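Listed below, chain by chain, are the residues.
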Amino acid sequence: MSEPRTLFQKVWDAHVVHAMPRGPALLYIDLHLVHEVTSPQAFEGLRLAGRQVRRPERTLATVDHNVPTGDRHLPIADPVAAQQVRTLTSNARAFGLPLFDLDSPDQGIVHVIGPELGATQPGMTIVCGDSHTSTHGAFGALAFGIGTSEVEHVLATQCLMQQRPRTMEVRFEGTLPGGVTAKDMVLALIGRIGTAGASGHVLEYRGSAIQRLSMEGRMTVCNMSIEAGARAGLIAPDDTTFGYLEGRARAPKGAEWDAAVERWRGLATDAGAVFDRSITIDVSSLAPQVTWGTNPGMVGDISGRVPVPAEGDSADARGALERALHYMGLEPGAPLAGLKVDRVFIGSCTNARLEDLRAAASVVRGRKVSHGVRAMVVPGSQRVKHAAEAEGLDEVFIEAGFEWRNSGCSMCLGMNDDVLGSGERCASTSNRNFEGRQGKGGRTHLMSPVMAAAAAVFGHLVDVRQMVRESDEPGRGDDMVRGSERTTVSAGR
Amino acid sequence: MQPFTVHTGIAAVLPRVNVDTDQIIPKQFLKRIERTGFGKHLFHDWRYLPDGSPNPGFELNAPQAAGASILVAGPNFGCGSSREHAPWALADYGFRAVIAPSFADIFYNNCCQNGLLAVRLEDAAVRALFALGERGEPFELTVDLRINRVTGPAGFRAGFDMDPYRRQMLLEGLDEIGQTLRQELRIAAYERRMEALGRLV
Ligand code: SF4
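Note on numbering: residues in each chain are counted from 1, in written sequence order. A letter from A marks each chain and a number from 1 marks each ligand, given out in the order of writing. Local features in a predicted model are, by the rule used here, given only for residues with pLDDT of at least 70; side-chain atom pairs are given and counted only at 80 or more, and totals for whole chains, interfaces and linings are based on all residues. Computation of side-chain values covers all heavy atoms of the structure but excludes hydrogens and water.

Quick look at the overall build of chain B
- Counting from the N terminus, the helices are the DSSP runs of H or I reaching at least four residues and the strands are the DSSP runs of E reaching at least two. Looking only at helices and strands, chain B features eight helices and seven strands.
- Seen through its C-alpha atoms, chain B measures out along the principal axes to roughly 65 × 40 × 25 Å.
- Excluding contacts between residues fewer than 6 apart, the proportion of contacts in chain B whose partners are at least 24 apart in sequence is 66%.
- The method behind every accessible area is Shrake-Rupley, applied with a 1.4 Å probe, and residues are considered shielded solely by the protein chains displayed. Accessible area for chain B stands at about 8,100 Å²; split by element, carbon and sulfur atoms hold 52% of it.
- Taken together, the 22 basic and 23 acidic charged side chains of chain B have centroids lying 3 Å from each other. For this analysis, residues touch if any pair of their heavy atoms sits within 4.5 Å. In this tally, Asp and Glu contribute negative charge and Lys and Arg positive charge; neither His nor the terminal groups of the chain are included. Charge placement uses NZ in Lys and CZ in Arg. For Asp and Glu, CG and CD serve respectively.

Quick word on the site of the ligand
- In the vicinity of the ligand, the contacting residues are His65, Ile109, His111, Asp130, His132, Ser348, Cys349, Cys409, Cys412, Leu413, Asn431 and Arg437 of chain A.
- Here the residues of the shell around the ligand sort into five nonpolar, five polar and two charged. A single heavy atom is enough: if one lies within 4 Å of a molecule or strand, its residue is considered near that molecule or strand. Note on residue classes: Ala, Val, Leu, Ile, Met, Phe, Trp, Tyr, Cys and Pro are nonpolar, Asp, Glu, Lys and Arg are charged, and everything else, Gly too, is polar.

A look at helix H13 (residues 382–390) of chain A
Residues and elements named next belong to chain A.
- Those residues of H13 lying buried are Gln382, Val384, Lys385 and Ala388. An end-on view of H13 places all buried positions within 160 degrees of arc, on one side of the element.
- Any N or O atom pair separated by 3.5 Å or less is treated as a polar contact, with the protein-specific requirement of one donor-capable and one acceptor-capable atom, and with residues adjacent in sequence counted only for side-chain atom pairs. N-capping of H13 is provided by Ser381, with a side-chain oxygen placed 3.3 Å from the backbone N of Arg383.
- Count one or two residues on from H13 and you reach Gly392, which has phi positive near 80 degrees. A simple rule labels every residue: compare its accessible area, found with a 1.4 Å probe on the protein chains alone, to the largest value its type can have, and call it buried under 20%, exposed over 50%, or partly exposed in between. By definition, the arc is the one covered by directions from the helix axis to the C-beta atoms.

Some thoughts on the packing of helix H12 (residues 354–364) of chain A against helix H14 (residues 393–400) of chain A
Residue and element names in this part refer to chain A.
- Interaxial angle, 0 to 180 degrees, is taken between N-to-C directions of lines fitted to C-alpha atoms, where a helix line uses only the stretch in contact. At a minimum axis distance of 10 Å, the contact between H12 and H14 shows a crossing angle of 45 degrees. The angle between the axes of H12 and H14 places the two elements in the oblique class. Of the two elements, H12 crosses H14, and the hand of that crossing is left-handed. Residues Leu354, Leu357, Arg358, Ala360, Ala361 and Val364 of H12 touch H14, and the partners they reach there are Leu393, Val396, Phe397 and Ala400.
- Broken down by class, the residue content of the contact of H12 with H14 amounts to nine nonpolar, no polar and one charged. Roughly parallel here means an angle under 35 degrees, roughly antiparallel means over 145, roughly perpendicular means 65 to 115, and every remaining angle is called oblique. By the definition used in this description, the sense in which the near helix is turned from the far one sets the handedness, with an anticlockwise turn below a right angle giving left-handed and a clockwise turn giving right-handed.

Points about the sheet that holds strand E3 (residues 97–100) of chain B
All names here are of chain B.
- In short, DSSP must find at least two bridges between two strands for them to pair. Taken in spatial order, the seven strands line up as E4-E3-E2-E1-E5-E6-E7 in an open sheet, and their pairing is mixed. The sheet terminates laterally at strand E4 (117–120) and strand E7 (157–159), the two strands that pair on one side only. Direction aside, the axes of adjacent strands within the sheet are offset by 25 degrees on average.
- The sheet contact formed by strand E2 (residues 70–73) and E3 spans three bridges and is parallel. For Leu71, the partnering residue across the bridge sits in E3 and is Val98.

Brief notes about the side chain of Glu152 of chain A
- Along the chain, Glu152 of chain A falls in helix H5 (residues 148–157).
- With sequence-adjacent residues up to four places away left out, Glu152 of chain A is seen in contact with Gln41, Ala42, Gly45 and Leu46 of chain A together with Arg35 and Ile177 of chain B.

With respect to helix H3 (residues 79–95) of chain A
Residues and elements named next belong to chain A.
- Take the residue count of a helix, subtract one, and multiply by 1.5 Å to get its expected span. Over its 17 residues, H3 runs 24 Å from end to end, which matches the ideal 24 Å to within 8%, given 1.5 Å per residue.
- Buried residues of H3: Ala81, Ala82, Gln84, Val85, Thr87, Leu88, Asn91, Ala92 and Phe95, and no others.
- Buried residues along H3 sit in contact with strand E3 (31–34), helix H2 (40–49), strand E4 (59–62) and strand E5 (99–100).
- N-cap assignment for H3: the residue whose side-chain oxygen lies 2.9 Å from the backbone N of Val80 is Asp78.

A look at the pattern of salt bridges
- One speaks of a salt bridge when a side-chain nitrogen belonging to Lys or Arg is within 4 Å of a carboxyl oxygen belonging to Asp or Glu. Scanning the entire structure with this criterion turns up 38 salt bridges over all chains.
- The partner of Arg5 of chain A in a salt bridge is Asp13 of chain A, with the nearest N and O atoms 2.9 Å apart.
- By relative accessible area, which is 33% here, Asp13 of chain A ends up partly exposed.
- Of the charged contacts in the structure, one is a salt bridge between Arg405 of chain A and Glu403 of chain A, with a shortest N-O distance of 2.8 Å.
- Judged by relative accessible area, Arg405 of chain A falls into the buried class, the value being 14%.
- It is possible to trace a salt-bridge network through shared partners that takes in Arg54, Arg55 and Glu57 of chain A together with Glu184, Glu191 and Glu195 of chain B.

Some points on the sheet that holds strand E16 (residues 374–377) of chain A
Residues and elements named next belong to chain A.
- One open sheet accounts for five strands, arranged E17-E16-E15-E18-E19; its pairing is parallel. Since the sheet does not close on itself, it has two edges, and those belong to strand E17 (403–404) and strand E19 (443–446), each with one partner.
- Bridge count between E16 and E17: two bridges; the pairing is parallel. Looking at the pairing, Met376 lines up with Glu403 of E17.
- Strands in contact with helix H11 (residues 315–328) are strand E18 (425–428) and E19; relative to E19, the strand with the most contacts, it is inclined by about 105 degrees.
- Strands strand E15 (343–346), E16 and E18 of the sheet are contacted by helix H15 (residues 449–458), whose axis makes an angle of about 150 degrees with E15.

Notes on the packing of helix H6 (residues 182–193) of chain A against helix H8 (residues 215–223) of chain A
All names here are of chain A.
- Running from N to C, H6 and H8 point in directions that differ by 20 degrees, and their axes come no closer than 8 Å. Considering their axes alone, H6 and H8 lie roughly parallel with respect to each other. Relative to H8, H6 is oriented so that their crossing is right-handed. Of H8, the residues touching H6 (which contributes Ala182, Lys183 and Val186) are Gly217, Thr220 and Val221.
- Of the residues that constitute the contact of H6 with H8, the class distribution is three nonpolar, two polar and one charged.

Regarding the interface of chain A and chain B
- Contacts between chain A and chain B engage 68 residues on the former and 56 residues on the latter.
- Defined in terms of a 1.4 Å probe, buried area is the accessible area two parts forfeit on being brought together, summed over both. Interface of chain A and chain B: buried area, both sides summed, is about 5,100 Å²; carbon and sulfur atoms make up 51% of it.
- Seen at the junction of chain A and chain B, the total is nine salt bridges.
- Inspection of the chain A/chain B interface yields 33 residue pairs in polar contact (both at pLDDT 80 or more).
- For the side of chain A that touches chain B, the leading source of residues is H5 of chain A, giving seven residues.
- Counted by class, the side of chain A that touches chain B contains 22 nonpolar, 27 polar and 19 charged residues.

What follows is the structure, encoded as C-alpha cells:
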C-alpha cells in the first residue's frame, strides 16, 4: 500500500517532470490561460529570444481586463487599451494560439470561460497571469496565478519551476442558513485567518457544506483563496463536478469521458492523508458578510459594527485600522447596516456566473434601484449574458434600473471606463477592496450577489434576510432566494 | 537577468502592513506593453496629490529617502494581484532590494524573475530598521546575497534565508527559461508518457 495522499499531492506528483534535489520541481502545465494585460511583455520576450510557443493547443487566450462593457460595435475608446487588445490578437495569430476576442460568443472573463468551455478539468495543472486563477481549483485542478516572466516561461516550455507548497485543510461543516452563500463562507474564512493566513499553502476545501455547493458556489470559494494569501484552492471532483462538465465543448466525449471520470474519482484525498494545517468552520450560524476596510480580511457580519481602532491589540493594528477607516470614510463603532451606497457592482470572476445573476435577480424582481444609486450588472461571459437573457433576467435588472452590460472584468479593477469616483461607496460582488481598486478614492464593500442586490434596492447596506422568509429548502445556498416567498418590504425611495 | 551579489544603498522605510500591488502600481498604468517606464507611477496614489504634485506626507517623498535603492516595509508586502508590473515599477524607480518580514508568494516569485532581491528579515530586525528611519536622517544598508546578510548603521546586522535554487539564479543572473529548455529531453519524455496513459489529449 502506498502512503495516503491528499488531492494536492496527487495532482502535484502527476506533473513533476523533474525534481531538483532540495529545490523546486519542474512542473508540467496542462492548460495556460492568457489575457491582454499580463502577456504582451511575455510574447515580446519570446520574440527577442527567437523562441516559439511549445504547445499552442494547450494555451487559450481571451480579452477581458480592459475591454469596454458598453456597445461592442464601437471601437475601444481608450487608445492604450485598444493597443493592448490588438497586441494580443496579433500575438495569438503570430504564435498560433486559440483566441476568444471581443466578437466571439465565448468571450468573457478568463476564469469564467475556462470552466464554461470545459477546458478546465479535474487533475490538471492550470496557470494564468492572474491571481484569481485559483478559481479553477473548484474542479480539482491545481490552478494558480503567475507573473509575466513565468507566462513567458510556460509559453516557451509548457513547464514551470515551482517550490512545493504546504497544504491546509479547510472544513466547512453544517448547513448554510437562507440568504447566506458561498461568498459569505469564503469571506468568513479570510476574516478568520487573515489576508496572509494561508501564505505558502494550497487550501483544500472539504466538508458537508462544500459538498452541497453547486460548481458556481465552489468557484466563488476557490476564487478568493488568493485573498487569504493561498497559492491555490482545491475541491475534490464529485458527481456535481462531472454533471457540470459533461457535454461541454472541450470535455472528453464517449468512452474517453467514461475513462476520465473513472480517473477523476481517484483524485480525492485518501483517508488518513495528512495536511500541514487544518481549520474547521461551522456554517450553520453564519451571517451574511460585508467588508468594512481596505483588504478582504477586514470583514464582519452585516449585523456588526465598524471596529474601534483604539481597541486594536497592537500599535500596528491600531494604525492599520485608522488608515482603513479614514480611507473608507467610516466612523468607529458605526453599524454596518444602513451605510449609504452610491454604486452597486454585480460582476467579476467571483460572482458573475448565471447562478449569481439569478440570485441577485430574485432579490431585485419587481423592485426598483434606490433613488440616486447607480447599479450595474456585468455578466462574467457572453455565454452567461445570453443565458441570462434567455431567462429574462436582463429585463428584471433593466426594469429595476440596473445597467445591463457586456462581459469583462469591468469595475472589479476599473481598467476600462467603469470606475468609482473619489469618495463613492460601492456594494460590490468582486474580490478586492484595496484602496483605489475600483477607482481612485473609491470605497468598496465586498459582499454576495444577493446582498449587493439588496443594497441597490435599499440604497444602503442591509441584511438581505430581512427581505425573504426562511427558505423551504435550507442549504440551497445561492439558490435560496430564488423562488422563495418574499415578505413585503418598503424599499425606502 | 541582472545578477545580484552585493548592494549598498540608501534605505527608504515604509512602515505599513499588507502593501498590495494595487498600491505599488495602480491599474491605470498597466496598459503599457513594455517592461520599462513604470517607475514614475510607482505608488502613484500615495505618492502624488490630486493636482499631480508630490505628496509631502508620503514616505518616499521625504528628503532622507531621496535616491533610495533599498525599500523596507511591513509584513505581507506585495499581496494581491499577480501583476509583474509591481517589481518592474520598483526596479525602474531604482530599487535593487526590498526588505520585509514576509512577502506574498506571487510577488516574491516575480521579484526573483527580475533580479530584484526580496529579503525576508525577522520582524524585530525590520522594526529596528523602521526605528532607524524614524530618526529622519538618510542611512545606508548593505545587502549581501553571497553571505545572506544585511548590515547597516549602529551595528545593524541580520541574516536571512533564501532557497538555494533561487539564490543561485540571482547570484548568477541566469535566464530561467534557458535553464528549463535544457530539460527538453525530460519534458518530451514526460509528454510521451502521459500521452501513452491517455492523459494528454
Ligand atoms: S474579474 Fe477582477 S479578479 Fe477576476 S480576472 Fe478580472 S480583474 Fe481579475
